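The primary structure of each chain is shown beneath.
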Amino acid sequence: MLILSLRSAHRRRLAVGGLILLAVILYRRFNWHDMEPGTLRSRMVGLQADSPEFQLGGEVFRILGGSIHYFRVPREYWRDRLLKMKACGLNTLTTYVPWNLHEPERGTFNFKGNLDLEAYIKLAGELGLWVILRPGPYICAEWDLGGLPSWLYRDPAMQLRSTYKGFTQAVDAFFSQLLPRVVPLQYKKGGPIIAVQVENEYGSFAVDTEYMPYMKEALLSRGIEELLMTSDNVDGLKKGNVEGALATINLQKLRDLHLSHLDSSQPQKPKMVMEFWSGWFDTWGDLHHVFTAEDMASVVMEILQKGLSINLYMFHGGTNFGFMNGALEMHSYKADVTSYDYDAPLSESGDYTAKYLLLREVFSKYHGESLPDVPALFPKMSYDASTVYQYMPLWEALQLAGEPFKSESPVNMENLPVNNGNGQSYGYTLYETTIPSGGTLHSNDKVRDRALVFVDSSFIGVLKYKHLELAVPEGKGNRKLSLLVENCGRVNYGKTLNNQRKGLVGDILLNGTPLKNFIIYSLDMKPRFMERLKYSHWKEVPDKPTVPGFFRGMLFVDGYPGDTFVKLPGWSKGVVFINGQNLGRYWSIGPQQTLYLPAPWLHSGINEVIVFEEQEAEKTIHFVNSPDLGMAVDVE
Ligand code: GLA
């Protein structure tokens, strides 16, 4: 008896111990503490796509998504923008991941500050938003080279977006840094990520049938276990999908064709518009694109009525700060502007628009409870204009740019021996040589993208696409010829992706003979250079200052700073830096006429403003309280 009861007590202890162990394992596996009661079973199964409607947590689920790119919004404003998204009735945040910012030099990774992706995803989760992650590696997005790092071009045989070893090895190295950060944030692990996109619109590129399976495997093998999706426009739909991923579609107007394509390729699966283009982007020299609020809302309603899930691309566009804008090459090269306002429901500076208000009404019908109140807006400020009081001609600032590089023939910027063997990625490169005579200078179509040409530091003209020739005046003896070449942004979409090296990409001819013996300065205007510039010898601004040059002014903020917009009437083309932050390019040809200056980059008191102007400087810099994105034209 005694032995029996001892045995059963032992068994009980074993059973209890076993249960505790099981509970611990399950706890670790599924993070019970994070879960809503009753959702445990559902967290074992993520977003389901094997019936005509998505299922999440055992219930029918409609994705009401919106894109906001953390890298286009100052971190201090992430919460504000996401709260505004929530208050509009959306339930899912979608974001791309820009490889070129996260790995600026091969093997050097940055996931801090404005690039703290984990913090961004966690914040979305905390605010009650699901997340669809779009990690690329190619993201398109009107972002330089579609997010690919320019150092990939160091390999002369590089084949981007293919299974070429040099490309896949680089992707693998990046994914091995990126994915471990997001794997724990997946739905089944208690996090907000419900789906992950494989690449981006590969169907429109489609040069390698092995590529999409490779990219899918790159995600799976590193622990991505939520639903996989692909996203394509209607022409790319067939070639862009990969087995095991749900194909979704990108569009601005819903057509029967879209639905029939999805029906035939994926019967009995949920339909989703991954990119409903709520507006459109702008390029320099063009007009500002708008898509009227009414037209936009009617397409959204149609999409929802037809039972589809939707993601608004963009919900809030933000800004291409720095030199990160992409470019378009359809019939000719056109660089994207600095603003990525996109005519989206939330403006570049986080203001509500007519679209926002209409959408809130539409989406409120898809919510059981009433929507949260809309957050208050931050004030937009105008500040006293700043008088430019100091300047430094480019020719004097060159000594701060580091040792120049000597080369017999021109070298493209990515191949320059700078940045620890990674070349130069963005900004300007100056090529200098001597010429014995005047005559005809021919760019040989090797200027990427725009060169200001000088003889003995005097401006003689511009070489660019479709403007390949320039007359060089005669003069005495050997003279200095300088070409200040600007990388205006690498094309981010289309078949020319492998052909986006910048600077001088080949010989320049004078009277038919290639010029030789160059001295090359890399002018990427990174923080280190700007810091050196700040503490070097500035001059008082004369009546007719030499351009190109750096111009310094002060913005005085009385009290707590507010958002403002930099306006440069009378100036021509260049870049604005505030307290060392590169706000982006301006160009009088527009459409964009103001640059967004977010309050978190200002402080109370004196703020330093530096303008790099290429051609025509003025005396004052203005700070106004509303944006001017230029003359509008309907996207139609
Ligand atoms: C495509 C791409 C996006 C973006 C839009 C246009 O759909 O997938 O990244 O470039 O076009 O804004």
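Where an unreviewed UniProt entry is consulted, the protein chain appears under the name Beta-galactosidase, with the organism given as Huso huso. Heading Catalytic activity (unreviewed entry) of the UniProt record for the protein chain holds this comment: "Hydrolysis of terminal non-reducing beta-D-galactose residues in beta-D-galactosides." For the protein chain, the Sequence similarities (unreviewed entry) comment in UniProt is given as "Belongs to the glycosyl hydrolase 35 family."

## Here's the deal with the sheet that holds strand 26 (residues 513-514)
The four strands lie next to each other as 22-18-25-26, forming an open sheet whose pairing is antiparallel. The open sheet terminates on both sides in strands that have one partner only, identified here as strand 22 (469-472) and strand 26. Sheet analysis places strand 25 (residues 509-510) next to strand 26, joined by two bridges and oriented antiparallel. Bridge pairing in strand 26 places L510 opposite T513.

## Here's the deal with the site of the ligand
Within the structure, the ligand sits among 15 residues, and Y96, A141, E142, E275 and Y342 are positioned closest to it. In the environment of the ligand, an oxygen atom lies 2.7 Å from a nitrogen or oxygen atom belonging to the side chain of Y96. Across the complex, the protein chains shield 96% of the 300 Å² of accessible surface that the ligand would expose by itself. Of the residues assigned to the shell around the ligand, the class counts are 10 nonpolar, two polar and three charged.

## Notes on the environment of V541
Mapped onto the fold, V541 is located in the loop between strand 28 (539-540) and strand 29 (549-557). Taking the C-alpha atoms as reference points, V541 and R79, separated by 462 residues in sequence, lie 42 Å from one another. If we ignore the near neighbours within four places in the chain, the residues touching V541 are V388, Y389, Q390, Y391 and F551.

## Some words on the sheet that holds strand 21 (residues 458-464)
One open sheet accounts for six strands, arranged 16-27-17-23-20-21; its pairing is antiparallel. One side of each edge strand has no neighbouring strand; the edge strands of this open sheet are strand 16 (405-407) and strand 21. Here the strands of the sheet are splayed against their neighbours by 25 degrees on average, with no regard to which way each runs.

## Some remarks on the packing of aromatic side chains
Under the counting rule described, the total for this entry stands at 36 aromatic pairs. Note on Y70 and W78: the rings are 6.3 Å apart at their centroids and 85 degrees apart in plane angle, and the pair reads as edge-to-face. W78 matches Y70 in its accessibility class, with the two residues each being buried. By way of ring pairs, the aromatic residues W99, W151, F167, F174, F175, Y202, F205 and Y211 are connected into one cluster. The ring centre of W587 lies 4.6 Å from the NZ or CZ of K573, which sits over that ring.

Thresholds applied
- Within every chain, residues take consecutive numbers counted from 1 along the sequence as written.
- Owing to the predicted nature of the model, reporting of local features is limited to residues with pLDDT of at least 70; listing and counting of side-chain atom pairs is limited to 80 or more, with chain, interface and lining totals taken over all residues.
- Only hydrogens and water are set aside when side-chain values are computed; all heavy atoms of the structure are taken into account.
- UniProt positions are given in the numbering used here, feature names are shortened, and annotations may be inferred rather than shown by experiment.
- When DSSP finds two or more bridges between two strands, those strands count as paired.
- Only DSSP runs of H or I with at least four residues qualify as helices, and only runs of E with at least two residues qualify as strands; both kinds are numbered from the N terminus onward.
- Nearness is judged by heavy atoms alone; a residue qualifies as near a molecule or strand once a single heavy atom is within 4 Å of it.
- Each polar contact in these results corresponds to two N or O atoms within 3.5 Å; when the atoms are within protein, one needs to be able to donate a hydrogen and the other to accept it, and residues that are neighboring in sequence are counted only if both atoms are side-chain atoms.
- Method for areas: the Shrake-Rupley scheme with a 1.4 Å probe, in which residue coverage is limited to the protein chains shown.
- Gly is put with the polar residues, along with every residue not named as nonpolar or charged; the nonpolar set is Ala, Val, Leu, Ile, Met, Phe, Trp, Tyr, Cys and Pro, and the charged set is Asp, Glu, Lys and Arg.
- Any two residues whose heavy atoms approach within 4.5 Å are treated as being in contact.
- Every angle, taken between N-to-C directions, lies between 0 and 180 degrees, and every axis is a line fitted to C-alpha atoms, over only the stretch in contact when it is a helix.
- Side-chain rings of Phe, Tyr and Trp, where Trp is taken by its six-membered ring, are said to pair if the distance between their centres is within 6.5 Å; with planes under 30 degrees apart they count as stacked, over 60 as edge-to-face, and otherwise as tilted.
- Exposure classes here rest on a 1.4 Å probe applied to the protein chains alone. A residue is buried below 20% of its type maximum, exposed above 50%, and partly exposed in between.
- Look at NZ for Lys and CZ for Arg. If either is within 6 Å of the ring centre and within 35 degrees of the ring normal, a charge sits over the ring.

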